[in-house]
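Geometric and topological summary
Chain residues, written in single-letter form:
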Amino acid sequence: MKYFSIDADTEKNGVACFDTDTKKLSLHVLNFAQLFSKLEQFHKEKTDVLILLENCWENKHDYHDRTDIKHPHFYFTLGADVGRVQGVGMCVNELLNIFQLKHELIRPLPKIWNELKDRKISRNELENLCKNCGVELLNNQKSNKDMRDAALLIINHIYHIFK
């Protein structure tokens, strides 16, 4: 079975590819046009792949009740950015439906990692997690948080790390 996961973003979408036969996981970053081309390729070639898309648009954010606001413009900008990311996720979901690709929408996973201040998973933590699951992490390069989050979508889907 092949998996392809997407952590949508406004400029660079984090994606991960995993093959259960080889247990190899690769991380990539694709802009929207490249992601569109990849999904179109899956459709044209009738690729047997399960696509996991982070369902970011159903998360509810409310920055109006914050009592610690020192710079209200920051929260306005943050809310606008979150909305743009949610819009990209909804567009990707629409593409999956149009191309009739097998997919699942996955709620954003909990932020429980320790190494980074924002509780996002670090490259070292992802490497250790992969090692513990018997997964070979390819691409010995730097990875951004969206790439690592895309990897977590697959790892959690297969190995049920988060209950």
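Everything here concerns the structure above.
Residues numbered from 1 in each chain as written. Predicted model: local features only at pLDDT ≥ 70, side-chain atom pairs only at ≥ 80, totals over all residues. Heavy atoms only, no water.

1. What to know about helix 3 (residues 123–133)
Inspection of helix 3 places Arg123, Glu125, Leu126, Leu129, Cys130 and Cys133 among the buried residues, and these make up the whole buried set. Take helix 3 and look down its axis: the buried residues cluster within an arc of 160°, on one side only. Facing away from the buried surface of helix 3 by more than 90 degrees, the exposed residues are Lys131 and Asn132. Buried residues in helix 3 make contact with strand 3 (24–30), strand 6 (136–137) and helix 4 (145–159). (Buried < 20%, exposed > 50% of the residue type's maximum accessible area, 1.4 Å probe, protein only. Helix = DSSP H or I, 4+ residues; strand = E, 2+ residues; numbered from the N terminus. Arc of directions from axis to C-beta. Contact = heavy atoms within 4.5 Å.)

2. Here we look at the nonpolar core
Of all hydrophobic cores here, the largest spans 24 residues; its most connected members are Leu25, Leu27 and Leu126. At the level of elements, strand 2 (13–19), strand 3, strand 4 (49–54), helix 3 and helix 4 are the ones that each hand at least two residues to this core. At seven residues, helix 4 tops the list of elements feeding residues into this core. Look past the residues within four positions of Leu25 in its chain and what remains in contact with it is Ala16, Cys17, Phe18, Cys130, Val135, Glu136, Leu137, Leu138, Ala151, Ile154 and Ile155. (Core = buried A, V, L, I, M, F, W, Y, C linked by side-chain atoms within 4.5 Å.)

3. Quick notes on unusual backbone geometry
In this structure, Lys46 is a non-glycine residue whose phi angle is positive, near 50°. We classify Lys46 as exposed; its relative accessible area is 70%. Positive phi values are uncommon outside glycine, yet Gln100 reaches one of about 55°. By secondary structure assignment, the location of Gln100 is in the loop between helix 2 (72–98) and strand 5 (103–106). Look at Gln100 and you get exposed, because its relative accessible area is 69%.

4. Thoughts on the pattern of salt bridges
When the charged atoms of two side chains with opposite charge come close together, those side chains can pair. If you walk through the whole model with that rule in mind, you get five salt bridges. Ionic pairing is found between Glu40 and Lys44, a salt bridge with its closest N-O pair at 3.9 Å. With a gap of four residues between them, Glu40 and Lys44 both fall in helix 1 (residues 32–44), about one helical turn apart. Note that Lys145 is salt-bridged to Asp146, the shortest N-O span being 3.6 Å. (Salt bridge = Lys/Arg side-chain N within 4 Å of Asp/Glu carboxyl O.)

5. Examining the environment of Thr47
Looking at where Thr47 falls in the secondary structure, it is placed in the loop between helix 1 and strand 4. When near neighbours in sequence (up to four residues on either side) are disregarded, Thr47 contacts Gln41 and Phe42.

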